Amino acid sequence: MSSFYVTTPIYYVNARPHLGHAYTTIIADTLKRFYALLGMDARMLTGTDEHGDKIVKAANKENKSPKEFVDGISHEFSTLWKDLKIDYDQFIRTTDPEHKKSVQTLLQKIYDKGDIYYGEYGGHYCFGCERFYTEKELEDGLCPQHKTKPEYISEKNYFFKMSKYQEWLKQYILDNPDFIRPERYRNEVLAMLEGNVLEDLCISRPKSRLEWGIELPFDKDYVCYVWFDALANYISALGWGNSDDLSKFNTYWPAEHLVAKDILKPHAIFWPTMLKAADLPIYKHLNVHGYWLVKDTKMSKSLGNVVDPRFASEHFGLDAFRYFLLRDMHFGSDASYSEEALISRINSDLANDLGNLFSRVLSMNAKYFAKEVPALGELTEEDEQIFASVDNAAQNYIQLFKEVRFSQALEGLWEPIRLMNKYVDSQAPWTLFKEGKSERLATVIRVLLENMYKISVLLYPVMPESSQKMQVQLGKVFSLHAKLLDDLLSCKVHLRTGASIAEASNLFPRLEKPAENPEEKKQNTKNAKQKKTKAKEENADTALIEFADFQKLDLRVGTILVAELHPDADKLLRFEVDLGEEKPRQIISGIAEWYKPADLVGHKVVVVANLPPRKLRGLVSHGMILTAEKGEHLSLLTSSAPNGAKIS
Ligand code: ME8
């Protein structure tokens, strides 16, 4: 059986997992499932990157030892992947003893070959990136990523002769056009290789400065540079360099790597040259995606705009969330995340198109054929068109999936889904039923059921649980085997005539409005309050009104006759105020935090009497009682004038 091996970056444990991490991990899971569907022995690796300065700093901040700190966050990643039902085979941690051993084997191998040397180096070191920058790479003297001033450090270190492999790498990329994909990233890497002389890579850090790392096997005063250590995870996970049993390595290597554009250079330049130096086969493809943005900005903890994938998947449904991520990001480009976009995508593609198709067809089948699969009769041209369009879309879908173009693959698959909905309308089974054309009715329903089954299988990598639900409804659940897709596509009929199938159910309920995450809700209320206060302050300073505007106000004095709590709102009070009119007025006011109702009866107050009536939690308010407010302090405006006296 042929094999397939997909990896995610191993994530830093200095921050908690967010949507960006979840995206890469979900597409890795999707690819694994896709290749399993193709009949391959598919394997997926993910994990955490736990050494380096950044981690030590983050641990110090929380008053924890590095080990205690990394254990906690690494666990958060692994439990999130379990909650998101990611089917990974292995979760590697760079603090695993096997991994450490592999890194040392790799270092020793390259050292013995003469491609690691000891030298003095002075450079601009960014602690955020954990790397040296050359003068040329800095922007206005600042790190281009972190916009902070790097520290100039001069020290003796070990270097990997990366420059020696520059020409080889350039040629390799030219000879293998899809080695780095999409093309824009290949071009970016070629530009790095063509325009500059590659510098050798500093691969050590003196222990006097940093102890939290893997010791160099040839010098115990140094630890390994975190990127050299991290990249090796892709092979150490397969047992390379830490065990005599190389069967896993021989079966699964080379890998298909998935990363975002932030870590293009280490994966496209450091890693292949490291593999070449160690005489190991180069990975298959580097698949590079863009960023998920929130309101056009990259997610970051400091901006407070990180999206919590657990909340989103629980709220909108895991499969629907996966579908949105795969459909809305064109692999390679940035994409914007918003709940509005997600809801609109789910409602249009899943509720309207796919869900509707299933519920219509299954309910007709229940009504006309007592929930049994009807027989396929002679096929008309329209029937053949449905089969052809599904087969065609399936071929394209498979090809596009192999090219990691998930969005286009799904877009193409939705064409036959929409076509089937139109086919239902044009064939009008309800008319065939009325006219007693039962054989034709059976064929129409069977054409639909067979093609719905194919779609359900094809959707397995993207929406595993829904795929299974659809198959349960259709009375046939597939099991993975080598020829599954060949069989699926080479044959028109997969269901058994007379087999019982389900009644209609709502696979993808329509979503109504964005979710309010309790944390976000708190933040939104806080922001709204701050905005209101700021606007008030600004108005106080700047906004002048015309005298005519003031004259429009009808301010009157009145006596509170009744004061009580609003039956449906903690912050509101209900008043009846005598303004010298025929009847007292009902006024609802938000002052329950400051006054007890009983204390207010008999008080004289000032009321804005010409506001339009307004409903507040079910009770209509005919005016507003004026208060004076400063900071936390609030008091009622009073007057000794008689009821109904006008203030001017
Ligand atoms: O770089 N949009 O770890 P990291 C899309 N430890 N993907 C995003 C994203 C966003 N806004 N933010 C993060 C490291 N990602 C190293 C990797 S590998 C040998 C070492 C995803 O925690 C994306 O996959 O900073 C990106 O490449 C990765 O998280 C960076 O994770």
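Right above here is the structure, for reference.
Rules of the game
Residues numbered from 1 in each chain as written. Predicted model: local features only at pLDDT ≥ 70, side-chain atom pairs only at ≥ 80, totals over all residues. Heavy atoms only, no water. Helix = DSSP H or I, 4+ residues; strand = E, 2+ residues; numbered from the N terminus. Rg over C-alpha atoms; globule rule 2.2 N^0.38 Å. Buried < 20%, exposed > 50% of the residue type's maximum accessible area, 1.4 Å probe, protein only. Contact = heavy atoms within 4.5 Å. Areas by Shrake-Rupley, 256 points an atom, 1.4 Å probe, with all protein chains shown as cover. Lys, Arg positive; Asp, Glu negative; His and termini not counted. Charge placed at Lys NZ, Arg CZ, Asp CG, Glu CD. Core = buried A, V, L, I, M, F, W, Y, C linked by side-chain atoms within 4.5 Å. Axes fitted to C-alpha atoms, helices over the stretch in contact; angles between N-to-C directions. Left-handed = near helix turned anticlockwise from the far one by under 90°. Nonpolar A, V, L, I, M, F, W, Y, C, P; charged D, E, K, R; others polar. Pairing = 2+ DSSP bridges. 1 Å grid on protein atoms, 1.4 Å probe; cavity = no way out; pocket = protein on both sides within 12 Å on 5 of 7 lines; lining within 4 Å. Points joined across faces, edges and corners; volume = space filled by probe spheres on them. Parallel < 35°, antiparallel > 145°, perpendicular 65-115°, else oblique. Polar contact = N/O pair within 3.5 Å; in protein donor to acceptor, adjacent residues only side chain to side chain. Phe/Tyr/Trp six-rings, centres within 6.5 Å; stacked < 30°, edge-to-face > 60°. Lys NZ or Arg CZ within 6 Å of the ring centre and 35° of its normal. Expected span 1.5 Å × (residues − 1). Arc of directions from axis to C-beta.

Caption draft 1: Structural detail: the overall build of the chain. When helices and strands are tallied, the chain shows 22 helices and 26 strands. Compactness check: the chain gives a C-alpha radius of gyration of 33 Å against a globular reference of 26 Å for 648 residues, more than 25% above the reference. C-alpha extents for the chain along the principal axes are approximately 100 × 85 × 40 Å. Counting across all 648 residues of the chain, residues that qualify as buried make up 51%. Pairs at least 24 residues apart make up 74% of the contacts formed inside the chain by residues separated by at least 6 positions. For the chain, the accessible area works out to roughly 30700 Å², and carbon and sulfur atoms hold 50% of it. Within the chain, one finds 83 positive and 91 negative side-chain charges whose respective centroids are separated by 2 Å.

Caption draft 2: Molecular detail of the nonpolar core. Counting residues in each nonpolar core, the largest one holds 113 residues, and the members touching the most others are Trp81, Trp292, Tyr337, Leu354 and Leu459. With residues near it in sequence (within four places) discarded, Trp81 still touches Tyr11, His21, Ala22, Thr25, Thr46, Ile86, Tyr88 and Phe91. Ranked by size, the runner-up nonpolar core spans 61 residues in total, among them Leu106, Ala255, Ile269 and Ile282.

Caption draft 3: Region of interest: the packing of helix α13 (residues 339–369) against helix α17 (residues 438–458). Following both chains from N to C, one finds α13 and α17 inclined at 145°, their axes separated by 11 Å at the closest point. The element α13 and its partner α17 pack so that their crossing is left-handed. Taking contact as the criterion, the partners of Leu354, Leu357, Phe358, Val361, Leu362, Met364, Asn365, Tyr368 and Phe369 in α13 are, on α17, Ser438, Leu441, Ala442, Ile445, Leu448, Leu449, Met452 and Ile455. Of the residues assigned to the contact of α13 with α17, the class counts are 15 nonpolar, two polar and no charged.

Caption draft 4: Main features of the pairing of strand β18 (residues 573–578). Both strand β17 (residues 555–565) and β18 contribute to a ladder of six bridges, which runs antiparallel. Along β18, the bridge assignment pairs Ala563 with Phe575. Two strands pair when backbone bridges link them, and β18 and strand β19 (residues 585–589) are joined in this way by five bridges, in the antiparallel orientation. Of the residues in β19, the one forming a bridge with Phe575 is Ile587. Joining the antiparallel neighbours β18 and β19 is a turn of six residues, in which Gly580 adopts a positive phi near 75°.

Caption draft 5: Geometry of empty space enclosed by the protein. If you walk through the whole model with that rule in mind, you get one cavity of 30 Å³ or more. Its boundaries defined by the atoms lining it, the largest cavity holds a volume of some 50 Å³. Lining the largest cavity we find His51, Gly52, Asp53, Tyr125, Glu130, Arg205, Leu210, Trp212, Gly213, Cys224, Tyr225 and Val226. In terms of residue class, the lining of the largest cavity is built from six nonpolar, three polar and three charged.

Caption draft 6: Molecular detail of the packing of helix α14 (residues 381–402) against helix α15 (residues 406–427). The N-to-C vectors of α14 and α15 enclose an angle of 170°; their axes lie 8 Å apart at closest approach. If you check the angle between α14 and α15, you find them roughly antiparallel. Between α14 and α15, the residues in contact are Glu382, Asp383, Gln385, Ile386, Ser389, Val390, Ala393, Tyr397, Leu400 and Phe401 and Phe406, Gln408, Ala409, Leu410, Gly412, Leu413, Pro416, Leu419, Met420, Tyr423 and Gln427, respectively. Taken together, the residues of the contact of α14 with α15 sort by class into 14 nonpolar, five polar and two charged.

Caption draft 7: Geometry of the side chain of Asn242. Within the secondary structure, Asn242 is located in the loop between α8 (233–236) and α9 (247–252). At 2.9 Å, the side chain of Asn242 forms a polar contact with the side chain of Ser102.

Caption draft 8: Representation of the sheet that holds strand β9 (residues 204–206) within the structure. Within the open sheet, the three strands sit side by side as β9-β11-β10. Their pairing is antiparallel. Only two strands of the sheet have a single partner each, and these edge strands are β9 and β10 (215–216). Across three bridges, the pairing between β9 and strand β11 (residues 219–224) is antiparallel. By the bridge assignment for β11, Pro206 is matched with Tyr222.

Caption draft 9: Examining the packing of aromatic side chains more closely. Under the counting rule described, the total for this entry stands at 38 aromatic pairs. Centre to centre, the rings of Tyr11 and Phe77 are 5.6 Å apart; their planes meet at 10°, and the pair counts as stacked. Residue Tyr11 is located in strand β1 (residues 3–12), and its partner Phe77 is located in helix α3 (residues 66–83); the two are separated by 66 residues in the primary sequence. Judged by relative accessible area, which is 5%, Tyr11 ranks as buried. Considering the side-chain rings of Trp168 and Tyr172, the 5.4 Å spacing of their centres and the 35° angle between planes classify their relative orientation as tilted. Of the two residues, Trp168 and Tyr172 both sit in helix α5 (residues 166–175), four residues apart, roughly one turn of that helix. Look at Trp168 and you get partly exposed, because its relative accessible area is 21%. Taken together, the ring pairs in this structure connect Phe4, Phe34, Tyr35, Phe331, Tyr397, Phe401 and Phe406 into an aromatic cluster. In this structure, Arg209 packs its charged tip against the face of Tyr125, placed 4.9 Å from the ring centre.

Caption draft 10: Just the sheet that holds strand β5 (residues 131–133), in detail. If you walk across this open sheet you meet the four strands as β5-β4-β6-β8, and the pairing is antiparallel. Each of the sheet's edge strands pairs with one partner strand only, and the pair in question is β5 and β8 (201–202). Bridge count for strand β4 (residues 116–126) against β5 is three bridges, and the pairing is antiparallel. The residue of β5 that forms the bridge with Cys126 is Arg131.

Caption draft 11: Looking closely at helix α4 (residues 97–112). In this model α4 runs 22 Å from its N-terminal to its C-terminal C-alpha over 16 residues, within 8% of the 22 Å that 1.5 Å per residue would give. Within the sequence span of α4, burial applies to His99, Ser102, Val103, Leu106, Leu107 and Ile110. Seen along its axis, α4 keeps its buried residues to an arc of 135°; they face one direction. Counted as exposed and oriented over 90 degrees from the buried face of α4: Pro97 and Asp112. One or two positions beyond α4, positive phi appears at Gly114, with a value near 95°.

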